[in-house]
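Residues per chain, in single letters:
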Amino acid sequence: MRIAVYPGSFDPITNGHLDIIRRASRLYDKLIVGVLNNINKKPLFTAEERKSMIDSEIIDLPNVSCDIFSGLLVDFAKQNGATVIVKGLRTVADFEYEFQMALLNKALNPEYETMFLMTDTKYSYISSSMVKEVAKYNGELNGLVPKNVISKIKHKI
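A short tour of the structure in this document, coming up. Being a predicted model, the structure only gives us computed values, none of them experimental.

**Let's talk about the pairing of strand β4 (residues 84–89)**
Here is step 1 of the chain: Of all 6 residues making up β4, 5 are buried, and the element is well covered by its neighbours.
Here is step 2 of the chain: Two elements, strand β1 (residues 3–8) and β4, share 2 bridges in a ladder whose sense is parallel. By the bridge assignment, Ala4 is partnered in β4 with Val84.
Here is step 3 of the chain: Taken together, β4, helix α4 (residues 92–108) and strand β5 (residues 113–118) form a β-α-β motif whose crossover is right-handed.

**Remarks on the pairing of strand β3 (residues 64–69)**
Here is step 1 of the chain: Pairing analysis gives 6 bridges linking strand β2 (residues 30–36) to β3, with the strands arranged parallel. Within β3, the residue paired with Gly34 across the bridge is Asp67.
Here is step 2 of the chain: Assessed by its sense of winding, the connection that carries the chain from β2 through helix α2 (residues 47–57) to β3 is right-handed.

**So, the sheet that holds β5**
Here is step 1 of the chain: What the 5 strands build is an open sheet, ordered β3-β2-β1-β4-β5; its pairing is parallel. Whereas interior strands pair on both sides, the edge strands pair on one side only; in this sheet they are β3 and β5. Pairwise comparison of adjacent strand axes, ignoring direction, gives a mean angle of 30° for this sheet.
Here is step 2 of the chain: As paired strands, β1 and β2 are joined by 6 bridges and run parallel to one another. When the bridges of β2 are listed, Gly8 appears paired with Val35.
Here is step 3 of the chain: Its contacts with the sheet put α2 on β2 and β3, and the angle it makes with β3 is roughly 175°.
Here is step 4 of the chain: Against the sheet, α4 touches β4 and β5, its axis set at about 165° to β5.

**As for the packing of aromatic side chains**
Given two aromatic rings, their pairing is described by the distance between the two centres and the angle made by the two planes.
Here is step 1 of the chain: Scanning all chains against the criterion turns up 4 aromatic pairs.
Here is step 2 of the chain: With a centroid separation of 4.4 Å and 20° between ring planes, the pair formed by Phe69 and Phe76 is classed as stacked. Each of the two residues, Phe69 as well as Phe76, counts as buried.
Here is step 3 of the chain: Aromatic side chains Phe95 and Phe116 sit 5.7 Å apart centroid to centroid with 65° between the ring planes, which places their arrangement in the edge-to-face category. With Phe95 in helix α4 and Phe116 in strand β5, this residue pair connects regions lying 21 residues apart in the sequence.
Here is step 4 of the chain: With relative accessibility at 37%, the residue Phe95 sits in the partly exposed group.
Here is step 5 of the chain: Grouping aromatic residues by their ring pairs yields a cluster made of Phe95, Phe99 and Phe116.

Rules of the game
- Residues numbered from 1 in each chain as written.
- Predicted model: local features only at pLDDT ≥ 70, side-chain atom pairs only at ≥ 80, totals over all residues.
- Heavy atoms only, no water.
- Buried < 20%, exposed > 50% of the residue type's maximum accessible area, 1.4 Å probe, protein only.
- Helix = DSSP H or I, 4+ residues; strand = E, 2+ residues; numbered from the N terminus.
- Pairing = 2+ DSSP bridges.
- Right-handed = clockwise from strand over helix to strand, strands pointing away.
- Axes fitted to C-alpha atoms, helices over the stretch in contact; angles between N-to-C directions.
- Contact = heavy atoms within 4.5 Å.
- Phe/Tyr/Trp six-rings, centres within 6.5 Å; stacked < 30°, edge-to-face > 60°.

Spelled out as C-alpha cells, the structure:
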C-alpha cells in the first residue's frame, strides 16, 4: 500500500491546499493530511479547529484522513506507515524552501521521498497568510477558501 502524508499548518485551509489534497489522493492508496501543531507559532485557529475544517472538506475522499502532529515530520510519517511526503508548490520561492526541507527530511530518514505538486495556476497566488490579511480588512474570501471556512474566518477575525 502506498501511503503519503501532506503536512502543513493549514491556518486556514485554502482552495490551493484542497487542490493538492484532491490530486494527491488520486496518486496514493492513502493520503494523510498532517496538521502541524507548532507551539512556537500563534495560529488563528487551534489545531483541532483546523483539523475539523479539513475533515469537512475531505468527507468525499475515502482514502484521505486528517491528523494533528507536532515534532518531526519524518516521525509523523513513520508512525503512519508513509514513505512519501507531498508538498504543494506555488512559486519558485516555495520550491527553494521546500527543497531544503526535503533534503533535511531525506537526511533524517533516507527512506522518505518528497513529491512536489504544482498547484493549479488559478490558486497559485493564494496563501493562508494572504487569506487572513484579506479577511482582516473585510475583503472578499469567495474563491480563496472553501465556503464553510469563510464564516469561521469571519467569526475569528
